[in-house]
2 protein chains.
Amino acid sequence: MTEHSDPLGFTHHDHAHCRESALQAAEDTCAREGLSLTKQRRRVLELLLRKHKAMGAYELLDAMREDGQPAQPPTVYRALDFLVSNGFAHKIERLNAFVACAHPGERHKPAFLLCSDCGLVAEMRSQGIGEAVRAAAEELDFALERMVVEAEGLCPQCRGARA
Amino acid sequence: MTEHSDPLGFTHHDHAHCRESALQAAEDTCAREGLSLTKQRRRVLELLLRKHKAMGAYELLDAMREDGQPAQPPTVYRALDFLVSNGFAHKIERLNAFVACAHPGERHKPAFLLCSDCGLVAEMRSQGIGEAVRAAAEELDFALERMVVEAEGLCPQCRGARA
DNA sequence: CCGCCTATTGTTACGTTATAACATGCTCCG
DNA sequence: CGGAGCATGTTATAACGTAACAATAGGCGG
Ligand SMILES: [Zn+2]
Ligand SMILES: [Zn+2]
Ligand SMILES: [Zn+2]
Ligand SMILES: [Zn+2]
């Protein structure tokens, strides 16, 4: 098992389990840290967990309307703020969209692979990338606080299927 | 001279020269490749070159209005498309804003350091980061096409000045 | 010089993403 | 009960980005 393994997104896996354990991890973390995974926050997280794809805020709003409980933009943005600040979801800057965290509970500086064909998002646990960024920052005496790493291209599936 | 040196942005330097040589590089590249650095494109590039900061499209529009030649959003977005596709400027996804390329002419996958205090942007020539991303992608059989690397934190100046 | 072609710019209108500001409700605890 | 603090509802608007079509400019063959 290498450092980049299990990116959860491009590979086949038991997604029902994936979803459940992510929700459970969120519950646990909230319990442990005195946070509240309220109805709206949980709802948004569940929507994000349906697929390993990024969803825009308005796409989430559409989904919420469709399941009979419409909401307004501030509601979903507030839920997203909560989820992102507590590490249950991440924003994909390149897409102005959000994805459920694939490694909830773990402390991590995430790096993503975005398939430009099918839209799948894989969240890597790449020590190597984090290290490289940290090293570069250090060399320039820059106090690193956050990093955005988003690689775009074709996932193995789509790469194979290209004409 | 290390691989990360000369990030041009946090360090003191002859910025007038910096600006002139970037413009010159753009002229040269355009001449060589049969592109036209038209008035609007050049104008936007000059505005971006004023500082090593990212400017939003509407900030550019304001600046264009202020110097007496107002423009509409499509004008500035078209100029930005040209500059970005030809490597004279880059989009900073995290900020929804644009910055002049600090290494025009060179082929590069840029990585940025963004100071969250003063707003300066440094464009690194980090082979290391690019390599790490490439390696991670390869390991997952992902066909890398483009990468976004944006590190946020405090530049040396602001880091020193913190209370 | 003329007419034509292409690239660029102008103009209007609109779509998408995100937030400000304030009202309301909810829950815990004294 | 009553207030404090957090979460949510509601309205309006800001900020970012693009579609579609009209007008213009500049090169080139005739
Ligand atoms: Zn899954
Ligand atoms: Zn994560
Ligand atoms: Zn400079
Ligand atoms: Zn550059």
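This write-up is about the structure you can find in this document. (Residues numbered from 1 in each chain as written. Chains lettered and ligands numbered in written order. Predicted model: local features only at pLDDT ≥ 70, side-chain atom pairs only at ≥ 80, totals over all residues. Heavy atoms only, no water.)

## Considering the environment of Ala132(A)
For clarity, the threshold we go by: Think of it this way: any DSSP run of H or I at least four residues long counts as a helix, any run of E at least two long counts as a strand, and we number them from the N terminus.
One can find Ala132(A) in helix 5 (residues 127-139). For the pair formed by Ala132(A) and His52(A), sequence separation is 80 residues and the distance between their alpha carbons is 26 Å.

## A short note on the protein's contact with DNA strand C
For the record, the criterion: Near is defined per residue: the residue qualifies when any heavy atom it owns lies within 4 Å of the molecule or strand. We call two N or O atoms a polar contact when they sit within 3.5 Å, provided that within protein one can donate a hydrogen and the other can accept it, with sequence-adjacent residues counted only if both atoms are side-chain atoms. Just so you know the grouping, Ala, Val, Leu, Ile, Met, Phe, Trp, Tyr, Cys and Pro go in nonpolar, Asp, Glu, Lys and Arg go in charged, and all remaining residues, Gly too, go in polar.
Among the 15 residues in the neighbourhood of DNA strand C, the closest are listed as Tyr58(A), Lys91(A), Thr38(B), Gln40(B) and Arg78(B). The share of sugar and phosphate among atoms of DNA strand C within 4 Å of the protein is 45%. At 2.5 Å, a side-chain N or O of Arg78(B) approaches a base nitrogen of DNA strand C. Those elements giving two or more residues to the surface near DNA strand C turn out to be helix 4 (73-85) of chain A together with helix 2 (39-49) and helix 4 (73-85) of chain B. It is helix 4 of chain A that contributes the most residues to the surface near DNA strand C, 4 residues altogether. The residue makeup of the surface near DNA strand C, split by class, is 5 nonpolar, 6 polar and 4 charged.

## A closer look at the layout of surface pockets
Residues and elements named next belong to chain B. The cut-off we apply is this: Think of a 1 Å grid over the protein atoms and nothing else: a 1.4 Å probe that fits but is trapped marks a cavity, an open set flanked by protein within 12 Å on at least five of seven lines marks a pocket, and residues with an atom within 4 Å of a point count as lining. Grid points are joined across faces, edges and corners, and a volume is the space filled by probe spheres set on the points.
In this model, the largest pocket occupies a volume close to 540 Å³. Taken together, 25 residues line the largest pocket, and the ones lying closest to its centre are Val84, Gly87, His90, His108 and Pro110. Mapped onto the lining of the largest pocket, the elements with two or more residues apiece are helix 1 (15-33), helix 4, strand 1 (89-92) and strand 5 (143-154). The greatest single-element share of the lining of the largest pocket, amounting to 6 residues, is contributed by strand 5.

## Here we look at the coordination of the zinc ion (ligand 4)
All names here are of chain B. So the rule is basically this: Keep in mind that water is not among the atoms, so a site may look incomplete; donors are the N, O and S atoms within 2.8 Å of the metal, or 3.2 Å for Na, K and Ca. Residue exposure (1.4 Å probe, protein chains only): buried if accessible area is under 20% of the type maximum, exposed if over 50%, otherwise partly exposed.
Note on the zinc ion (ligand 4): its protein donors are His90 (NE2), Cys101 (SG), His108 (NE2), Glu123 (OE) and Glu123 (OE). The metal-donor distances range over 1.9 to 2.8 Å. Written as a sequence motif, the donor arrangement for the zinc ion (ligand 4) is H-x10-C-x6-H-x14-E. Of this pair, His90 sits in strand 1 while Cys101 sits in the loop between strand 2 (97-100) and strand 3 (111-115), and the two are 11 residues apart along the sequence. The same class applies to His90 as to Cys101, namely buried.

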